[in-house]
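Here's the letter readout for the chains.
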Amino acid sequence: MIVTTKELFKHAYGKYAIGAYNINNLEQCVGLFDGNMKSKAPFIIQLSKGARSYTNKVFLEAIIRAADEIYPDAIFAVHLDHGDEQTCYDCIDSGFYSSVMIDASSKPFEENVEITKRVVERAHAKGIVVEAELGQLGGVEEHVVVSESEAKLTNPADAKRFVEATGCDSLACAIGTSHGAFKFTGTQGLHFEVLTEIQKLLPGFPLVMHGSSSVPQDEVARINAAGGKLNGAKGVDADQFLPAAKLGVTKINIDTDGRLVWCRVHREHFLNKPEDFDLRKPGKVFMAEYADFIAAKNVKLGSAGQLDDVRAMLKK
Ligand code: G3H
Ligand code: 13P
Ligand code: ZN
């Protein structure tokens, strides 16, 4: 069942975070649904602009519609990740997405407000909810590369002004994470003091943490041992998810970790079986391993085991 992120956040706020997982293809979709069903978790499927053009957005949306039918017990939101204004309108008009993210965080404050306001107006008219972003994460996403020194943490007072001015439903805050597999060149540091301040100024308002992959070191070591070159890759400590959730983080975005599972499975498969060329063999292993990965991640997020309670809330 497709629901809005707003409904999921209402249940999670202050207690746990909903996992927001990016998908690009069928195998990721199957692993994602299996993992969430196995751990009885509500979840968010995210489609980026890149994912929507990798094959074709119609394919991706059809895969998700099929999954909704195949997994009748699943409760999830369908969300556009890091949308520009035009892509947001495309998703809003499609009638399929339950939420969109407008990411105008690279623009000056006032311009970000104006763009976000326009998207909120069009989305809310159709019952679709909007995530916006203020501050700048480091790392690489689609066409934007932001170095660690250019990344800007969210200013709490600006966050309050921004939310009030735009009417957005949730806010992605920069608190020290970055996109990709190479986070924290120095020591790891999530800025909980920034979150604490934002929550004080915006009590009850759902916050979003991007760039939250953990980049497990055993995964990186296996990839490197199988011919990869990911030296120095580092991520967010998953034990920080629940403390962040207590401070109002209700959505935690994870993409890179799933790509690492894919990379490790396929590298090891073809290294160990150089005579093999059947895509279904590593594909099958990947779907099972991705499902296990999702289920374990949901335990860290606190979303595991919440599904029946969310269903009961939705029936009220
Ligand atoms: O934040 C970016 C996400 O990891 C999506 O990545 O734009 O390469 O699909 P992508
Ligand atoms: P990671 O690169 O840490 O997985 O972050 C994903 C993300 O923020 C998607 O919007
Ligand atoms: Zn992101």
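The structure we're discussing is the one just above.
Residues numbered from 1 in each chain as written. Chains lettered and ligands numbered in written order. Predicted model: local features only at pLDDT ≥ 70, side-chain atom pairs only at ≥ 80, totals over all residues. Heavy atoms only, no water.

1. Description of the environment of Val 208
As a reminder of what qualifies: Runs of H or I in DSSP of at least four residues are treated as helices and runs of E of at least two as strands, each being numbered from the N terminus. Only protein chains enter the area calculation, which uses a 1.4 Å probe; residues under 20% of their type maximum are buried, those over 50% are exposed, and those in between are partly exposed.
Structurally, Val 208 can be placed in strand β9 (residues 207-209). For Val 208, a relative accessible area of 2% puts it in the buried group. Along the primary structure Val 208 and Asn 56 are separated by 152 residues, whereas in three dimensions their C-alpha atoms are 27 Å apart.

2. Some words on the coordination of the zinc ion (ligand 3)
Operational definition: Atoms are scored as donors when they are N, O or S and lie within 2.8 Å of the metal, with 3.2 Å used for Na, K and Ca; no water is included, so coordination may look incomplete.
Taken together, the protein donors to the zinc ion (ligand 3) comprise His 82 (NE2), His 179 (NE2) and His 210 (ND1), at separations of 2.0 to 2.1 Å. All donors to the zinc ion (ligand 3) come from one chain, and their sequence spacing reads H-x96-H-x30-H. With a gap of 97 residues between them, His 82 in strand β3 (residues 76-83) and His 179 in the loop between β8 (170-173) and α8 (192-201) connect regions that are remote in the sequence. The exposure class assigned to His 179 is buried, which follows from its relative accessible area of 15%.

3. Considerations on the side chain of Thr 166
What counts, and what does not: Between two residues, a contact is recorded if the distance between any of their heavy atoms is within 4.5 Å.
Counting through the fold element by element, Thr 166 comes out in helix α7 (residues 156-166). Contacts of Thr 166, omitting those with residues within four sequence positions, involve Val 113, Thr 116, Lys 117 and Val 120.

4. Brief notes about the nonpolar core
Heads up, the rule is: For our purposes a nonpolar core is just a set of buried Ala, Val, Leu, Ile, Met, Phe, Trp, Tyr and Cys residues, chained together by side-chain atoms within 4.5 Å.
Among the nonpolar cores identified, the biggest contains 70 residues, and Phe 33, Ile 45, Leu 171 and Met 209 are the most heavily contacted of them. Once residues within four sequence positions are removed from consideration, Phe 33 is found in contact with Phe 43, Ile 45, Ala 67, Tyr 71, Ala 74 and Phe 76.

5. Section: the pairing of strand β2 (residues 43-48)
Spelled out, the test is: Following DSSP output, two strands are said to pair if at least two bridges run between them. Seen with the strands pointing away from the viewer, any crossover whose path from the first strand over the helix to the second strand runs clockwise is right-handed.
In terms of burial, β2 is largely enclosed, as six of its six residues are buried. Taking every second residue as pointing to the same face, both faces of β2 are buried, with Phe 43, Ile 45 and Leu 47 on one and Ile 44, Gln 46 and Ser 48 on the other. Pairing geometry for strand β1 (residues 18-22) and β2, over three bridges, is parallel. The partner of Ala 20 across the bridge, within β2, is Ile 44. Note on the crossover from β1 through helix α2 (residues 26-38) to β2: the handedness is right-handed. With six bridges joining them, β2 and β3 adopt parallel strand pairing. Its bridge partner being in β3, Ile 44 is matched across the sheet by Ala 77.

6. Overview of the site of ligand 2
Our working definition: By convention in these notes, a residue is near a molecule or strand provided one of its non-hydrogen atoms lies within 4 Å of it. Two N or O atoms form a polar contact when they lie within 3.5 Å of each other; inside protein one atom must be a possible hydrogen donor and the other a possible acceptor, and for residues adjacent in sequence the pair counts only when both atoms belong to side chains. Note on areas: Shrake-Rupley with a 1.4 Å probe; residue coverage comes only from the protein chains shown. For this classification, the nonpolar set comprises Ala, Val, Leu, Ile, Met, Phe, Trp, Tyr, Cys and Pro, the charged set comprises Asp, Glu, Lys and Arg, and every other residue, Gly included, is treated as polar.
If you check the shell around ligand 2, you find 15 residues, and the closest are Asp 81, Lys 183, Ser 213, Asp 255 and Thr 256. A distance of 3.2 Å is found between an oxygen atom of ligand 2 and a side-chain nitrogen or oxygen belonging to His 82. Contact between ligand 2 and Lys 183: an oxygen atom at 2.5 Å from a side-chain N or O atom of the residue. Look at ligand 2: alone it shows 310 Å² of surface, and the protein chains cover 97% of it. Partitioning the shell around ligand 2 into residue classes produces one nonpolar, eleven polar and three charged.

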